[in-house]
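Descriptive structure summary
Spelled out from the first residue to the last, the chains are:
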Amino acid sequence: MRALVHAAAALLTLLSLAHTFWSGLDGRAVALSFGLLVTLGELTRWSGPESREAAPLAAAGALSYALLGEDAGRATHHGAFQVVAVVVAATLVGCVPHVARGQGPTADHLARRVLTAGFAAICFQPLYNQGVFEAWGGPAYVLLLVALLVLTALCDAVLAAALAHARTGWPFGPLLRDELRAMLGIGTAVCATGVVMALAVAVVGLWALPVFSLPLLLTQLAFRRYAAVRATYRQTIASLARATEIAGYTPAGHARRVAVLSRAVGRELGLSEAELTVLEYAALMHDIGQLSLVDPVPAGATAVLPVEEQRRIALLGGAVVRQTGVAAAVAVVVERQADPYREQPVSARIVRTVNAYEEKVRDAGAGGPLRALEELRLGTGRDYQPEVVESLGRVLARNGGVVRERIG
Amino acid sequence: MRSITPWARVYVIAVAVGAVLCAAPVRFAHAPWGAVALFTALCAACEQLAVGRFGGGRGHEGPGATGPGGAGGGPPRWHTPVLLAAAFLLPPAAAALVPLPGALLVRGGERTPWPRRVWRAGQLGIGAWTASWVHWSLGGPDAVVSSYFPYTLVTAGVAVVAFCLVLALLDGGILALAERVPVRLAWRGLFVRSLVPVGVHGLAGLMMAVLWRGPYGPVAALLVLLPMWVSWWVFAQYHRERAAHQATIRALVQAVDIKDGYTRGHSERVGQASMMIARELGMDDERVELLRFAGILHDVGKLGVPTRLLRKDGPLTPQERRVIELHPEYGHEMVRGIGFLGEARSAILHHHERLDGSGYPYGLVGGQIPEFARVVAVADAFDAMTSTRSYSRARPVRVALAELERCAGSQFDPVMVGALTRALGRRGGWHPVVTADGVQSRRDYPPTPPVSSRTPTCPDSGPVPGPSGLVPGCLPGPDSGPVPGRLPGPGPDSGRLPGRLPGPGPGPGPGPGPVPGPDSGPGRLPDSGRLPGRVPGPGPSPDPDSGPDPLSLPVPLPGQVRSDGGVT
């Protein structure tokens, strides 16, 4: 799948470059300006931990060049191939410093950029150059551009989800849903900016580019700060979770291992990104109730305690979490982690199962994973949901090596 | 807004009358009424969308003002582009009319009181009028219509500067009159802070105006608002998340304070004292902020020390003391992964080092001790001495400073002690405010359960049993004061021993009755900590005037919960 996408992008690139070389650039000033914009956008690229669109300005620039019909009232004549060629060249130039620092965009990003810009350009430019839209009035033309970009955005989301699916093996449906949801945020801003720039260049000429780049940079800044504060918050919660380990209540690394494995299982079961965050926080803090104990539970193994005791610790933990200002949903998961699975929300089922698995594996030694899974299967009557246990089994089987490495 | 002073009332009314006077000549202005109506509706819709989604306005401040508690500058309200686009296109009187209905009629989830709405309407009305007037007198509208480009940028830029200037002037006035900010501080930074965000919004407004009059009409102009809306939304999310993060850190340190039996707020007060020292030393803002965090989190490692040891009612054995002395390392281990703390992490690790090398964990000497750690050590000792503990009554600031002075050079860095003395002298004493910050930021984040809405426990709200014995003050040296009675309690590793029974701990447990405090150091008054008539029992410590305290619930109280389910 990935190979197919990459091949398609490479083919389109080669075709475009060849065509442009052969027939020459049409509208040099415009091409140069948009190329510069894309390059600048790439230079301000920022690959944070959870950024969907790392270089929104470059994406918006590429889309607006694909949808450009006029420059200050004069019709332009560049074709779809030239759009792709300019976008590719500008993107590659803009990538140079990032590649030098070893954090350039991946082949997936480049392929997506080429294919989405190509898609929009191929939909628009040939029809425009043939004069199909001449009869359209002002507002209708605007709506046409918007509709075209919505279509492009949908295709881009599908493409991104497919690439992620091929890369990670996570289920396609939830990935697509997350991509579409993310599209509502930065994607909206990028598409709207693309349309506005194309229209504004048509009205006032190339001055529109710098004028309207700044608001989008503001948006990018906002996303950056948001991502930064989220990362910090996550680190703080992980630290809080380590308190139990440092106090000797639970073995070192337990919370983190449960969190990583819970996230993988949650993803396998198709939870959304927001639910996964709640799940991760809850898994990190699931043992925090033990801080309220005067004497530690031996080896922090809560899964073998009497049920009443487990629930009491869980309630204490929920009370701690409630005070920490973390979303109430997290506290609910922590609170209910010891309930029978039929009464639990799905995140709590995952935490309970994964926690029990982690504790059992730790005790079992060699051959532990299989035996632990077997024990969990025996407990599916009441404690562990069969589907979650099976999903855990699949996660372990599929990327057992990977998960074990990452958590080990 | 608290109770409104009469002068503030007069001021608000004057501003509102000003706005009405600005908008009054609209009848003679030949305004394009369709556009005015459209802009007005748009403005109101933006406002409604904002308060509807995010509950409540960000206070009375106009565009560009910082949000509550907001270092770093909040976002301008995102209807600013609409307002400015109207100012670029409409005659001044009509532009003044545009923000009025939205500001007056839209009410958020929490009801915005009338004076505030009138104030906002008046302020925005005057601001829009000024921007529009400046723009018109420079011939801006013609430039916009003919898209005469570089010149349009000049006229729009001047108009935006005028807009910012007027808003900042009016804002400063209300800060001085209603919020009682000292007059010389009221205007500081308002204008400069708002210039960049409003400038960017002004560009969007200009683009909107140009497209509005262009061949594609208002539909194209509306698209300009989408990116602005997205960035406003993300900024709101950012503020929410940040408030949640602060609440988490605060809850964390309060848990430590209570676990340790300190008066609530010790950690935050240490944070404030550290900050005062840092300011006095002339550190830049970023390091000052980091030092605040260092002070707040300095004892976070105590979360890892068994409660029984921390609150043990009686002298500690050398083993127990050693376990407690692990807390700086525990704390460092905990916060190691929190990137933004930076230098503050070293302060957490080394805040018990002494200049002469007799401290712990590493026994560093003099300049080997990181600067942050030297600051926090002084702040910690200062607050320990000036607040009441179970074993010692609060000492006057003067006495505490003298004590610090005495130990400067051997235990504390004289530079830091001097800085603290100067800072206190300048401020006229020590008036720590602990929870104000918390109350503010919770307003941003409704889901947060009440954490610290109460005022800080006043220093003599009663003794809490079980001194941990490790006062960071200039008190007992690391090895003084232990008394036999070894408690093989849950050390950092003992919990992991396989086969350990969860039965009643083998140690003496929560202590047999009241034991006189382990005071052995110099400078401690005999029988100091006990307020008359209170016998510190071993049981849970009831805070006499707080009732069931939401905070103290999950924090381990001695003898309250045991892993075997038994309650002592």
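Residues numbered from 1 in each chain as written. Chains lettered and ligands numbered in written order. Predicted model: local features only at pLDDT ≥ 70, side-chain atom pairs only at ≥ 80, totals over all residues. Heavy atoms only, no water.

**A short note on the overall build of chain B**
A tally of helices and strands in chain B yields 21 helices and zero strands. Burial analysis of chain B (568 residues in total) assigns 59% to the buried set. Intrachain contacts of chain B at a sequence separation of at least 6 include 74% that bridge at least 24 residues. Accessible area of chain B: about 22,100 Å², with a carbon and sulfur share of 63%. (Helix = DSSP H or I, 4+ residues; strand = E, 2+ residues; numbered from the N terminus. Buried < 20%, exposed > 50% of the residue type's maximum accessible area, 1.4 Å probe, protein only. Contact = heavy atoms within 4.5 Å. Areas by Shrake-Rupley, 256 points an atom, 1.4 Å probe, with all protein chains shown as cover.)

**Description of the state of the cysteines**
All names here are of chain B. Going through the model one piece at a time under the given rule, you end up with zero disulfides over all chains. Looking at C46, it has no disulfide partner, and the nearest cysteine sulfur is the one in C43, 6.3 Å off. The buried category is assigned to C46, whose relative accessible area is 4%. Considering cysteine sulfurs only, C43 is the nearest to C164, which forms no disulfide, with 16 Å between them. (Disulfide = S-S within 2.5 Å.)

**Side note on the UniProt feature "transmembrane region" (unreviewed entry) in chain B**
All names here are of chain B. Here, UniProt's "transmembrane region" (unreviewed entry) annotation points to residues 82-106, 118-136, 148-178, 190-212 and 218-236. Taken as a whole, residues 148-178 contains 94% helix and 0% strand, while its terminal C-alpha atoms sit 44 Å from one another. Taken end to end, residues 190-212 is 100% helix and 0% strand, and its first and last C-alpha atoms sit 31 Å apart. (UniProt positions renumbered as here; feature names shortened; annotations may be inferred.)

**With respect to the environment of L225(B)**
Along the chain, the position of L225(B) falls in helix α11 (residues 218-260). Sequence separation between L225(B) and P81(B) is 144 residues; the distance between their C-alpha atoms is 7.6 Å.

**With respect to the packing of aromatic side chains**
Counted under the stated rule, the structure contains 10 aromatic pairs over all chains. Note on F235(B) and Y238(B): the rings are 6.4 Å apart at their centroids and 80 degrees apart in plane angle, and the pair reads as edge-to-face. On the criterion of helical spacing, the pair formed by F235(B) and Y238(B) is a turn pair, its members being three residues apart in helix α11. Accessibility classification places F235(B) together with Y238(B) in one group, the buried group. Taken together, F124(A), Y128(A), Y141(A) and Y216(B) form an aromatic cluster joined through their ring pairs. (Phe/Tyr/Trp six-rings, centres within 6.5 Å; stacked < 30°, edge-to-face > 60°.)

**With respect to the pattern of salt bridges**
All names here are of chain A. Applying the stated rule across the entire model yields 28 salt bridges over all chains. Its salt-bridge partner being E358, residue R257 comes within 2.9 Å of it at the nearest N-O pair. Within this pair, whereas R257 is found in helix α9 (residues 254-268), its partner E358 is found in helix α13 (residues 346-364), the two being separated by 101 residues in sequence. Each member of the pair R257 and E358 is classed as buried. Between D339 and R336 there is a salt bridge; the shortest N-O distance is 3.5 Å. The buried category is assigned to D339, whose relative accessible area is 10%. Using a relative accessible area of 29% as the deciding quantity, one classes R336 as partly exposed. Salt bridges sharing common partners tie together R234, R263, R267, E273 and E280. (Salt bridge = Lys/Arg side-chain N within 4 Å of Asp/Glu carboxyl O.)

**Description of unusual backbone geometry**
For the bond running from Y360(B) to P361(B), omega is 5 degrees, close enough to zero to count as cis. Checked against the element boundaries, P361(B) lands in the loop between α17 (344-350) and α18 (371-386).

**Considerations on the packing of helix α3 (residues 80-89) of chain B against helix α10 (residues 190-213) of chain B**
Each packed pair of helices is defined by two parameters, the angle between the axes and the distance between the axes. Residue and element names in this part refer to chain B. Closest axis-to-axis distance for the α3/α10 pair is 7 Å, and the angle between their directions is 55 degrees. As summarised for this structure, α3 and α10 are arranged oblique, according to the angle between their axes. Remark: the crossing between α3 and α10 carries right-handed chirality. Together, T80, P81, V82, L84, A85, F88 and L89 of α3 and V198, H201, G202, A204, G205, L206, M208, A209, W212 and R213 of α10 make up the contact between the two elements. Partitioning the contact of α3 with α10 into residue classes produces 12 nonpolar, four polar and one charged. (Axes fitted to C-alpha atoms, helices over the stretch in contact; angles between N-to-C directions. Parallel < 35°, antiparallel > 145°, perpendicular 65-115°, else oblique. Left-handed = near helix turned anticlockwise from the far one by under 90°. Nonpolar A, V, L, I, M, F, W, Y, C, P; charged D, E, K, R; others polar.)

**What to know about the nonpolar core**
Judged by nonpolar contacts, the single largest core of 110 residues is most densely connected at L199(A), F39(B), M208(B) and L211(B). Sorting elements by how many residues they give to this core places helix α7 (residues 172-204) of chain A first, with 15 residues. Ignoring anything within four residues of it in the chain, the contact list for F39(B) reads V82(B), A85(B), A86(B), L89(B), L90(B), V98(B), M208(B) and W212(B). Judged by nonpolar contacts, the second largest core, of 104 residues, contains A259(A), L261(A), V326(A) and A347(B). (Core = buried A, V, L, I, M, F, W, Y, C linked by side-chain atoms within 4.5 Å.)

**Observations regarding the confidence of the model for chain B**
All names here are of chain B. On average, chain B scores 70 in pLDDT, and the residues at 70 or more come to 68%. Confidence, expressed as mean pLDDT per element, reaches its minimum in chain B at helix α21 (residues 436-443) with 35 and its maximum at α18 with 91. Across residues 54-75, where pLDDT falls below 50, the model places 65 contacts with residues more than four positions away in sequence or in other chains. Considering only residues more than four positions removed or in separate chains, one finds that residues 436-568, a stretch of pLDDT under 50, has 285 contacts. Interface predicted TM-score (ipTM) for the complex: 0.80; the corresponding pTM is 0.72. (pLDDT = per-residue confidence, 0-100.)

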